[in-house]
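Each chain, written out:
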Amino acid sequence: MLRGLSLVCLLAFAAQAKQRNVVVILADDGGFMQTAYNNTVCDTPSLDALASRSVIFNRGYTGVSSCSPSRSVILTGLPQHQNGMYGLHNGVHHFQSFYNVRSLPKILSDNGIFTGIVGKYHVGPMEVYTFDYMKIDNVNQVGRNITHMKGFVKEFLDKANEKEKPFFLYIAFHDPQRAGGHYGPFMNKWGDGQAGHGRIPDWKPIQYNPADVIVPYFLPDTPATREDIAAMYTSFNRMDQGIGLFMKELEISGHLDDTLVLWTSDNGIPFPGAKTNLYEPGMGEPMMISSPDHKQHWGKVNGPLFATFVN
Ligand SMILES: *[C@@H]1O[C@H](CO)[C@@H](O)[C@H](O)[C@H]1NC(C)=O
Ligand SMILES: *[C@@H]1O[C@H](CO)[C@@H](O)[C@H](O)[C@H]1NC(C)=O
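These notes cover the structure that comes with them. Predicted, not measured: the structure shown is a model, and the values here were computed from it.

## Some words on the packing of aromatic side chains
- Applying the stated criterion across every chain, the model contains 9 aromatic pairs.
- On the basis of an interplanar angle of 75° and a centroid distance of 5.1 Å, the ring pair of Phe32 and Tyr37 is categorised as edge-to-face.
- A residue is classified by how much of its surface remains accessible, and Phe32, at 35% relative accessible area, is partly exposed.
- Of the residues examined, Tyr37 reaches a relative accessible area of 13% and is grouped as buried.
- Look at Phe114 and Phe156: their rings are 4.7 Å apart centre to centre, the planes differ by 5°, and that puts the pair in the stacked class. A residue pair is termed long-range when its members are at least 10 positions apart, and Phe114 in strand 3 (residues 114-119) and Phe156 in helix 6 (residues 146-163) qualify at 42 residues.
- A relative accessible area of 0% places Phe156 in the buried class.
- The lysine or arginine in question, Arg178, covers the ring of Phe271, its NZ or CZ lying 4.7 Å from the ring centre.

## Remarks on the site of ligand 1
- Near ligand 1 you find Ala36, Tyr37, Asn38, Asn58 and Val301, and these make up its full shell.
- Within the contact set of ligand 1, an oxygen atom lies 3.4 Å away from a side-chain nitrogen or oxygen of Asn58.
- If ligand 1 stood free it would expose 360 Å²; the protein chains cover 46% of that surface.
- When the residues that make up the shell around ligand 1 are grouped by side-chain class, the tally is 3 nonpolar, 2 polar and no charged.

## As for the nonpolar core
- Counting 51 residues, the largest nonpolar core has Phe167, Ile171, Phe173 and Trp263 as the members making the most contacts within it.
- Considering each element in turn, this core owes the most residues, 12 residues, to helix 8 (residues 223-252).
- Formed by 15 residues, the second largest nonpolar core is a distinct cluster that contains Leu108, Tyr121, Phe131 and Phe168.

## As for the pairing of strand 2 (residues 55-61)
- Here strand 2 runs beside strand 7 (residues 284-290); their pairing, made up of 5 bridges, is antiparallel. Opposite Val55, over in strand 7, you have Ile289 as the bridge partner.

How each quantity is defined
Residues numbered from 1 in each chain as written. Chains lettered and ligands numbered in written order. Predicted model: local features only at pLDDT ≥ 70, side-chain atom pairs only at ≥ 80, totals over all residues. Heavy atoms only, no water. Phe/Tyr/Trp six-rings, centres within 6.5 Å; stacked < 30°, edge-to-face > 60°. Buried < 20%, exposed > 50% of the residue type's maximum accessible area, 1.4 Å probe, protein only. Helix = DSSP H or I, 4+ residues; strand = E, 2+ residues; numbered from the N terminus. Lys NZ or Arg CZ within 6 Å of the ring centre and 35° of its normal. Near = heavy atom within 4 Å. Polar contact = N/O pair within 3.5 Å; in protein donor to acceptor, adjacent residues only side chain to side chain. Areas by Shrake-Rupley, 256 points an atom, 1.4 Å probe, with all protein chains shown as cover. Nonpolar A, V, L, I, M, F, W, Y, C, P; charged D, E, K, R; others polar. Core = buried A, V, L, I, M, F, W, Y, C linked by side-chain atoms within 4.5 Å. Pairing = 2+ DSSP bridges.

As structure tokens, then:
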């Protein structure tokens, strides 16, 4: 009788328990170009808005300062030597996780959570990194074309609502990584409608003056560096515009106030001394965590490596 009663109580509690969701937004080679990290040149209104609802960590670090291994750590919680992804996944690099690794999306899906990925994948094998909803790769369309990505984010959220399931959505940009080793040609010729390269309807390109950019302490202050950084800002700002669109979709779906949003990057910026290096500019990442349940911590900058939310 007592046991029966407590089971009923438990079920009633479970039925009342609020649905909680998670969205992870990952930059590709992102750096500290947002206002929340004291860069006042690159325009980042969407990240600023997210920062005002987040705890901003200024000692966030990646597991590995390289794309595939970093993503494998994020998606398994295991260091790369434990999950098997020692290096880049695709082509000649040929690294992949062990088949017996249980990835985060798999564990969540097995437990009734609707999982999705939109954007860059770059991990493997597919058997390990399975999501219920997958719109991946194709560098330009699903990772930089923010209109295209927005459509997928909306579709995913609609499906989650139809299924009435809590969800985990992992959105991985290709911005602000270089394309084919370049910034200039890519940023100038693709996506803004120039030279017959098509448009991204939602993107309002912002070009930056090389004289205005902030040259990080570890780079030589030369005209070439400045031009490169100016183009990276354009790419970073496109991502910011995308984040604004996705946060709007989250709001429209009715889940702005029951979704934890985590924003970070796989590794440091694609410049000497940063990406693929063990130095601070390679390992250190921007990281913000937005919890609707912890409004009292919104906008705070957190210094320690590990933080606990204390009410
Ligand atoms: C930005 O600069 C201010 C003033 O120096 C500082 O208090 C704050 O911690 C900095 N923000 C980050 C994320 O480092
Ligand atoms: C970006 O995606 C939108 C929506 O799918 C599409 O109409 C547009 O042509 C794409 N732009 C480019 C440059 O491919």
